[in-house]
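# Structural features, examined
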Amino acid sequence: MTTQPARPIRLRFENLSKSYPATVRAGRNATGNLVLKDIELDVFEGEFLVIVGPSGCGKSTLLDLAAGLSLPTGGRMVLDGRTVTKPGPERSVVFQNYALFPWKTVFDNIAFALAAAGVPRRTQYERVRRVLALVGLEDAADRYPHQLSGGMKQRVAIARSLSVEPEVLLMDEPFGALDAQTREDLQVELRRLWRRNNMTIIFITHDIDEALSLGQRVAVMGRAPGRVVDVVQLPFQPDAAVDEIRTHPEYGELRRYIRAVLSHPDAATQAAV
Ligand SMILES: Nc1ncnc2c1ncn2[C@@H]1O[C@H](COP(=O)(O)OP(=O)(O)OP(=O)(O)O)[C@@H](O)[C@H]1O
Ligand SMILES: [Mg+2]
């Protein structure tokens with residue numbers, strides 16, 4: 001077990017399990033499909049936590065539980081000491097597939113989120129302009145999603161999530177579909193936004209290099225049932241550049257270790273935190 005400094009806990013996955021009902025075809029006596037089992041994980045205030053795990057291990061399910069979009073079947077999801085039962089304005093989700101309204105302009109996509117969050121109309125304009133500037137899309141406000149590249153759409157999705165000024169940002173493989181250069185640019189941008197806005201971020205990825213470049217800790221999951229196999233504390237400084245991180249003396253070792261745990265969960269050297 002690693003010793004954690006005494007920091008306030010923002011989100012707690014408390015002995016949390018999730019199963020989906022057995023399918024009708026599986027018969028009346030079939031047990032449900034256990035997707036997540038006994039997840040114990042604390043996310044600290046202002047922390048950037050990355051979750052890596054093989055496809056189907058329950059990463060999206062875990063994020064949905066944190067967002068309050070679905071409820072656990074065992075244990076509980078806790079935010080600031082209170083049980084999560086529904087979504088809330090302090091949490092914002094960036095989905096893998098952007099989830100933009102194709103019939104609304106960039107501006108209106110973001111304004112819609114602000115309206116839904118109860119932000120008065122007179123302040124919406126200013127807020128939309130500000131977040132578009134943050135992600136470098138000031139000039140794209142009047143475009144429709146089909147007129148944007150994948151990277152631009154993802155910037156809009158991130159801008160929309162930031163527009164409601166979330167304290168907790170939940171990101172489900174947000175850069176998965178992007179080319180390497182755009183992905184790296186957005187990684188740098190996200191780290192900057194995180195440092196500046198003091199957000200708590202849970203970021204899901206398949207990519208070990210992305211996990212190492214972004215996070216302060218990396219939770220490694222195993223599958224069938226989905227569980228946290230290890231939580232790795234990273235030694236990099238919050239303001240380190242991606243190049244500095246990748247050339248850090250411990251980088252290669254950490255990368256090899258996480259890869260080994262992903263392929264053989266028994267290789268984990270410590271109990272999950
Ligand atoms: N609504 C649902 N009903 C039944 N089973 C579901 C439901 N949603 C997810 N599952 C199952 O739960 C398991 C975990 O799914 P989840 O989408 O959380 O995995 P994941 O780790 O995010 O995978 P990927 O990396 O491919 O996105 C899968 O076996 C999936 O089939
Ligand atoms: Mg997923």
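Note that the structure is predicted; figures quoted are calculated from it, not measured.

What counts as what
Residues numbered from 1 in each chain as written. Chains lettered and ligands numbered in written order. Predicted model: local features only at pLDDT ≥ 70, side-chain atom pairs only at ≥ 80, totals over all residues. Heavy atoms only, no water. Core = buried A, V, L, I, M, F, W, Y, C linked by side-chain atoms within 4.5 Å. Buried < 20%, exposed > 50% of the residue type's maximum accessible area, 1.4 Å probe, protein only. Domains from an automatic or database assignment. Contact = heavy atoms within 4.5 Å. Buried area = accessible area lost by both parts, 1.4 Å probe. Salt bridge = Lys/Arg side-chain N within 4 Å of Asp/Glu carboxyl O. Polar contact = N/O pair within 3.5 Å; in protein donor to acceptor, adjacent residues only side chain to side chain. Helix = DSSP H or I, 4+ residues; strand = E, 2+ residues; numbered from the N terminus. Nonpolar A, V, L, I, M, F, W, Y, C, P; charged D, E, K, R; others polar. Pairing = 2+ DSSP bridges. Axes fitted to C-alpha atoms, helices over the stretch in contact; angles between N-to-C directions. Near = heavy atom within 4 Å. Areas by Shrake-Rupley, 256 points an atom, 1.4 Å probe, with all protein chains shown as cover.

Here we come to the nonpolar core. One finds Ile110, Leu190, Ile201, Phe203 and Ile258 to be the most contacted residues of the largest nonpolar core, which totals 55 residues. Three or more residues apiece are contributed to this core by two domains, here domain 1 (1–21 + 32–90 + 167–266) and domain 2 (100–165). Setting aside anything within four residues of it in sequence, one finds Leu190 in contact with Phe48, Leu169, Met171, Phe175, Ile201, Phe203 and Leu214. Counting 28 residues, the second-largest nonpolar core is a separate cluster that includes Phe13, Ile51, Leu79 and Val168.

The next subject is the domain arrangement of the protein. Taken domain by domain, the protein holds domain 1 (1–21 + 32–90 + 167–266) and domain 2 (100–165). Computed from C-alpha coordinates alone, the two centres of domain 1 and domain 2 are separated by 25 Å. The partner domain 2 presents 11 residues to the 14 residues of domain 1 that form the contact. It is Leu186, Glu189 and Leu193 in domain 1 that bury the most area against domain 2; as a group they hold 35% of the surface buried on that side. For the pair domain 1 and domain 2, the number of links is one salt bridge. A salt bridge links Arg155 to Glu189, with the shortest nitrogen-to-oxygen separation between them at 3.2 Å. Here domain 1 is connected to domain 2 by two residue pairs in polar contact (both at pLDDT 80 or more). Elements with a minimum of two residues in the side of domain 1 that touches domain 2: β7 (168–172) and α5 (180–197). Element by element, the count of residues in the side of domain 1 that touches domain 2 is highest for α5, at six residues. Of the residues assigned to the side of domain 1 that touches domain 2, the class counts are nine nonpolar, one polar and four charged.

For the rest of this paragraph, the subject is the sheet that holds strand β5 (residues 82–83). As a general point, the strands of a sheet are linked pairwise by backbone hydrogen bonds and lie either parallel or antiparallel. With antiparallel pairing, the four strands of this open sheet are ordered in space as β2-β1-β4-β5. Every other strand in the sheet has two partners, leaving β2 (33–44) and β5 as the edge strands with one partner each. Examined bridge by bridge, strand β1 (residues 9–20) and strand β4 (residues 74–79) share five bridges and lie antiparallel to one another. Bridging across to β4, Glu14 finds its partner in Arg76. Against the sheet, helix α1 (residues 59–67) engages β1, β2 and β4, with an angle of about 125° to β1.

For β4 and β5, the ladder comprises two bridges, and the chain directions are antiparallel. Considered in β5, the bridge of Leu79 is made with Arg82. As consecutive antiparallel partners, β4 and β5 are separated by two residues, and within that stretch Asp80 has a phi angle of approximately 50°, a positive value.

Bringing the site of ligand 1 into the picture now. In the neighbourhood of ligand 1, the contacting residues comprise Tyr20, Val35, Pro54, Ser55, Gly56, Cys57, Gly58, Lys59, Ser60, Thr61, Glu173 and His206. Interatomic distance of 2.5 Å between a side-chain N/O atom of Thr61 and an oxygen atom of ligand 1. When ligand 1 sits alone it has 640 Å² of accessible area, and the protein chains cover 58% of it. If you tally residues by element for the shell around ligand 1, the top one is α1, at three residues. Class assignment for the residues of the shell around ligand 1 results in four nonpolar, six polar and two charged.

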